[in-house]
Amino acid sequence: MKKTPYYITTPIYYPSANLHIGNAYTTVAADALARYARLQGKEVLFLTGTDEHGQKIQRIAQEKGVTPKAYVDEIVAGIKDLWQLLNISYDRFIRTTDDYHKESVQKIFKRLYDQGDIYKSEYEGWYCTPCEAFWTESQAGPEHTCPDCGRPLERAKEESYFFRMSKYADRLIEYIEAHPDFIQPESRKNEMLNNFLKPGLQDLAVSRTSFDWGIKVPFDERHVIYVWIDALSNYLSALGYENEAYSDFKTFWPADLHLVGKDIIRFHTIYWPIMLMALDLPLPEHIYGHGWLMFNNEKMSKSKGNIVDPVVLAEHFGVDPIRYFLLREIPFGSDGNFNNEAFIRKINTDLANDLGNLLSRSVTMVEKYFDSVIPEPKVPGTFDEELESILREAPQKVDEAMEHLKIPEALAQIWNIIDRANKYIDETMPWALAKDPEQKDRLGTVLNHLLESLRYVATLLQPFLPETAQKLFDQLGIAPCGFDSLNTLRGMTPGDRVRKGAVIYPRIDLEKKLSELEALAVQDEGAQKPTAKLAPLKPEISIEDFEKIDFRVAKVLACEPMKGAKKLLLLTVDLGNEQRQVVSGIAAHYRPEELVGRSVVLVANLKPAKLRGTLSEGMVLAASDEGDEHLFLVGPQGELPPGSCVR
Ligand code: MSP
């Protein structure tokens, strides 16, 4: 019989830096779904990969003095190692720098151009040179300042190709309304419809001329194709659409599920379906936007210590605890929190206490009372029926949860078996039965039930915790079972032997481990500083150019936050002969009261400009790393009167 195909994808990751546990979350969830589908007997294609083009990567490589390709090659190797470590069972790994992918993207772009969906025009907007970003009129506000850094914006024009998104908007609205589970969870569907589609779509700029690390527009090589057109096409090119590298497009398209984070749901549920409509291709069955994984309730960030580094976590705790925490604790669809304490507590309760103890108690008793030989279930008794009915129902319930992508619920159903089996031990008290030779057969029946429960647990756990499931099968002395084997409650063969092994989850000393992790995080913070990324040097200037700038020492007299602009502070400074007011984007790094009395360096002859409606008469100097993660004001190293020259 032909197997049902199942095509599942993760986003393709930017190899701009090593991945953190938040990125791993999407991939672990996709892996559980892919493994589950394989166990259901489906023909699965699980795709992941990397999104390697774009200005950011070009810039980082330049700063490091290597080619973009050499830079991404190294990061991609690390990403593949991480997936191997986390037991990610992907079938195909696509890189947008692969030739076959480039070929598809160029053909797609050309086709859309030839049929009139892409046209050439000019992009005009408000441009912030330091941030290299265009802003619309409403984003720039009445003062035309950059919403990110507060600096004045310039009117700028760039030639670009545009995609006629507007042409397909109504068709897409109709489609979404007719297919209620196309975008999931429902809240995201409503957000897309009400906030983006219904107010009207603007045509999308789909090429850039400001950098060149990307796939060239085939008929106009000054342009590179916008990174999202390049990236989204991966779902097609990986199947051999418009290339010869693969030939399973017919089998696997349309995709069953694109799993993505909520931050990129708009690209996947608006731009992507419109591209597919323009290409006359069917749309994917489901697009699921999961929530964010937060670290101690803050958005995960690379500067928060290496403890969110999945490699470090795996070294300390093993891989399955990470998979378990991500899959069980993060409500699928909404944001969830990761912190070391909650993580360790969860390992101790669910994995060590509940599952680990059930296994070791059961196998130990079979070893002790039956010389490791699996006993026959000869004498039914009270409590058996309830446990059996939980076992009978569990596969169906897990199935229902997985059908609706409720992964935590599926795991909760498996833990329901574990909890019930632990309770069954308390109820039947096998240690007491063992004291009475007359009860030997009843004891054998109880132990048989426990082993059978563990077999159900192991079988159902395979997609989620593959290593743990294997350990359970090993100790039960059986080969891994398929889902079909759960149609009968007689899966263990009496007479076969269990094989007691090591404790699968030793209890972790919470306090001790937390302080170890704390120490590591501190070390890591220190280690990060010298490797800060450097901006490339600007072109040479003459001494005359330099002398045009009048740097002066200025003393901060007063400082207050700027209303409505979180990043800005308003400083009043003494310049010797006069006072000035200066708006500065340093609010994320200094509290106003810290600055009063300090001497700073001011560019005193900079043309005054209005920032967020407030006049700024100069600019204070600060040193910062790339991305402004660390920023320090510059000032004289000793006492000098305000107004002193800086040369
Ligand atoms: N390259 C694009 C995707 C293109 S897909 C055609 C991209 N890459 S990314 O590396 O920035 O992000 C990849 C995925 O990681 C996204 O789904 C994003 O939501 C997810 N996550 C990044 N940080 C995350 C958390 N802290 N928590 C959960 N998911 C997170 O976007």
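Note that the structure is predicted; figures quoted are calculated from it, not measured.

**Quick notes on the overall build of the protein chain**
Here is step 1 of the chain: Scanning the protein chain from N- to C-terminus turns up 22 helices and 26 strands.
Here is step 2 of the chain: Reported as C-alpha extents along the three principal axes, the dimensions of the protein chain are approximately 105 × 65 × 40 Å.
Here is step 3 of the chain: Out of the 647 residues in the protein chain, the part that is buried amounts to 51%.
Here is step 4 of the chain: For the protein chain, the share of sequence-separated contacts (at least 6 apart) that also reach a separation of at least 24 residues comes to 73%.
Here is step 5 of the chain: Mean positive and mean negative side-chain charge positions of the protein chain (75 and 95 charges, respectively) differ by 1 Å.

**Side note on the site of the ligand**
Here is step 1 of the chain: In the region of the ligand, 24 residues are neighbours, and I12, D51, G261, D263 and L293 sit closest.
Here is step 2 of the chain: A distance of 3.3 Å separates an oxygen atom of the ligand from a polar atom in the side chain of N23.
Here is step 3 of the chain: Contact distances for the ligand include 2.9 Å between an oxygen atom and a backbone N or O atom of G261.
Here is step 4 of the chain: Burial of the ligand by the surrounding chains reaches 94%, relative to a free accessible area of 670 Å².
Here is step 5 of the chain: At the level of elements, β1 (5-13), α1 (21-39), α8 (227-232), α9 (234-237) and β12 (257-261) are the ones that each hand at least two residues to the shell around the ligand.
Here is step 6 of the chain: A per-class count over the shell around the ligand returns 13 nonpolar, 9 polar and 2 charged.

**What to know about the packing of helix α6 (residues 165-178) against helix α11 (residues 265-278)**
How two helices pack is summed up by the angle between their axes together with the distance between the axes.
Here is step 1 of the chain: For the pair α6 and α11, interaxial distance at closest approach is 9 Å and the crossing angle is 105°. The angle between the axes of α6 and α11 places the two elements in the roughly perpendicular class. Two secondary-structure elements touch here, α6 through M165, Y168, R171, L172, Y175 and I176 and α11 through T269, I270, Y271, P273, I274, M277 and A278.
Here is step 2 of the chain: Across the contact of α6 with α11, the residue classes tally to 11 nonpolar, 1 polar and 1 charged.

**Regarding the nonpolar core**
Here is step 1 of the chain: Judged by nonpolar contacts, the single largest core of 112 residues is most densely connected at W83, W415, L461 and F464.
Here is step 2 of the chain: Take this core: its biggest share by element is 13 residues, from helix α14 (residues 340-370).
Here is step 3 of the chain: With near-sequence residues (within four places) excluded, F464 lies in contact with A32, R323, L327, M402, I407, A410, L411 and I414.

**Topic: the domain arrangement of the protein chain**
A common way to state how big an interface is: give the accessible area lost once the parts meet.
Here is step 1 of the chain: The domain architecture assigned to the protein chain consists of domain 1 (339-487) and domain 2 (543-646).
Here is step 2 of the chain: Of note, the centres of domain 1 and domain 2, computed from C-alpha atoms alone, are 67 Å apart.

**Some thoughts on the sheet that holds strand β4 (residues 118-128)**
The strands that make up a sheet are held in pairs by hydrogen bonds between backbone atoms, and each pair lies either parallel or antiparallel.
Here is step 1 of the chain: Pairing in this open sheet of 4 strands is antiparallel, and the strands run β5-β4-β6-β8 from one edge to the other. The open sheet has two free edges, formed respectively by β5 (133-135) and β8 (204-205), since each of these has just one partner strand.
Here is step 2 of the chain: Sheet topology places strand β6 (residues 154-163) next to β8; 2 bridges connect them, and they run antiparallel. Within β8, the position partnered with F162 by the bridge is A205.
Here is step 3 of the chain: Set on the sheet, helix α4 (residues 99-114) makes contact with β4 and β6; between it and β4 the angle comes to about 105°.

**Some points on the side chain of R580**
Here is step 1 of the chain: Structurally, R580 is set in strand β19 (residues 579-584).
Here is step 2 of the chain: Only 3.0 Å separates the side chain of R580 from the backbone oxygen of A604, close enough to count as a polar contact.
Here is step 3 of the chain: Residues in contact with R580, not counting those within four places in the same chain, are L571, T572, V573, L575, L602, A604 and E617.

**Description of the sheet that holds strand β11 (residues 220-225)**
Here is step 1 of the chain: Taking strand neighbours across the sheet as the criterion, the 3 strands line up as β9-β11-β10 in an open arrangement whose pairing is antiparallel. Of all strands in the sheet, those with a lone pairing partner are β9 (207-208) and β10 (216-217), marking the two edges.
Here is step 2 of the chain: Pairing of β10 with β11, which is carried by 2 bridges, proceeds in the antiparallel orientation. In the sheet register, K216 faces β11, and the bridge partner there is V224.

**Comments concerning unusual backbone geometry**
Here is step 1 of the chain: For the bond from Q184 to P185, the omega torsion is -15°, close enough to zero to count as cis.
Here is step 2 of the chain: Counting through the fold element by element, P185 comes out in the loop between β7 (183-184) and α7 (186-197).
Here is step 3 of the chain: One non-glycine residue, F383, lies in the positive phi region at around 75°.
Here is step 4 of the chain: Given a relative accessible area of 34%, F383 falls into the partly exposed group.
Here is step 5 of the chain: Its identity is not glycine, yet L405 carries a phi of approximately 60°, on the positive side.

**What about the environment of A34?**
Here is step 1 of the chain: On the secondary structure map, A34 appears in helix α1.
Here is step 2 of the chain: The class of A34 is buried, set by a relative accessible area of 0%.
Here is step 3 of the chain: Here the alpha-carbon distance between A34 and I417, two residues 383 residues apart in the chain, equals 23 Å.
Here is step 4 of the chain: Once you skip the residues sitting within four places of it in the chain, A34 turns out to touch I8, V44 and F46.

**Things to note about the pattern of salt bridges**
Here is step 1 of the chain: A full pass over the atoms with the stated rule returns 41 salt bridges.
Here is step 2 of the chain: Here R328 makes a salt bridge to D350, at a shortest N to O gap of 3.7 Å. With R328 in helix α13 (residues 319-329) and D350 in helix α14, this residue pair connects regions lying 22 residues apart in the sequence.
Here is step 3 of the chain: One salt-bridge network, in which partners are shared between bridges, spans E52, K69, D73 and R95.

**What to know about a nonpolar patch on the surface**
Here is step 1 of the chain: A cluster of nonpolar residues, I541, I543 and F546, forms a patch on the protein surface that exposes about 280 Å² of accessible area.
Here is step 2 of the chain: Take I541: it is sitting in the loop between α20 (510-528) and α21 (543-547).
Here is step 3 of the chain: When its relative accessible area of 52% is taken as the criterion, I541 is described as exposed.

**Concerning the side chain of D31**
Here is step 1 of the chain: Assignment of secondary structure puts D31 in helix α1.
Here is step 2 of the chain: Relative accessible area serves as the criterion here: at 0%, D31 is assigned to the buried category.
Here is step 3 of the chain: Apart from residues no more than four positions distant in its own chain, D31 is found in contact with F46, N87, I88, S89, R323 and P463.

About the criteria used
Residues numbered from 1 in each chain as written. Predicted model: local features only at pLDDT ≥ 70, side-chain atom pairs only at ≥ 80, totals over all residues. Heavy atoms only, no water. Helix = DSSP H or I, 4+ residues; strand = E, 2+ residues; numbered from the N terminus. Buried < 20%, exposed > 50% of the residue type's maximum accessible area, 1.4 Å probe, protein only. Contact = heavy atoms within 4.5 Å. Lys, Arg positive; Asp, Glu negative; His and termini not counted. Charge placed at Lys NZ, Arg CZ, Asp CG, Glu CD. Near = heavy atom within 4 Å. Polar contact = N/O pair within 3.5 Å; in protein donor to acceptor, adjacent residues only side chain to side chain. Areas by Shrake-Rupley, 256 points an atom, 1.4 Å probe, with all protein chains shown as cover. Nonpolar A, V, L, I, M, F, W, Y, C, P; charged D, E, K, R; others polar. Axes fitted to C-alpha atoms, helices over the stretch in contact; angles between N-to-C directions. Parallel < 35°, antiparallel > 145°, perpendicular 65-115°, else oblique. Core = buried A, V, L, I, M, F, W, Y, C linked by side-chain atoms within 4.5 Å. Domains from an automatic or database assignment. Pairing = 2+ DSSP bridges. Salt bridge = Lys/Arg side-chain N within 4 Å of Asp/Glu carboxyl O. Patch = residues over 30% accessible without salt bridge, like charges linked within 9 Å, V, L, I, M, F, W, Y side chains within 5 Å.

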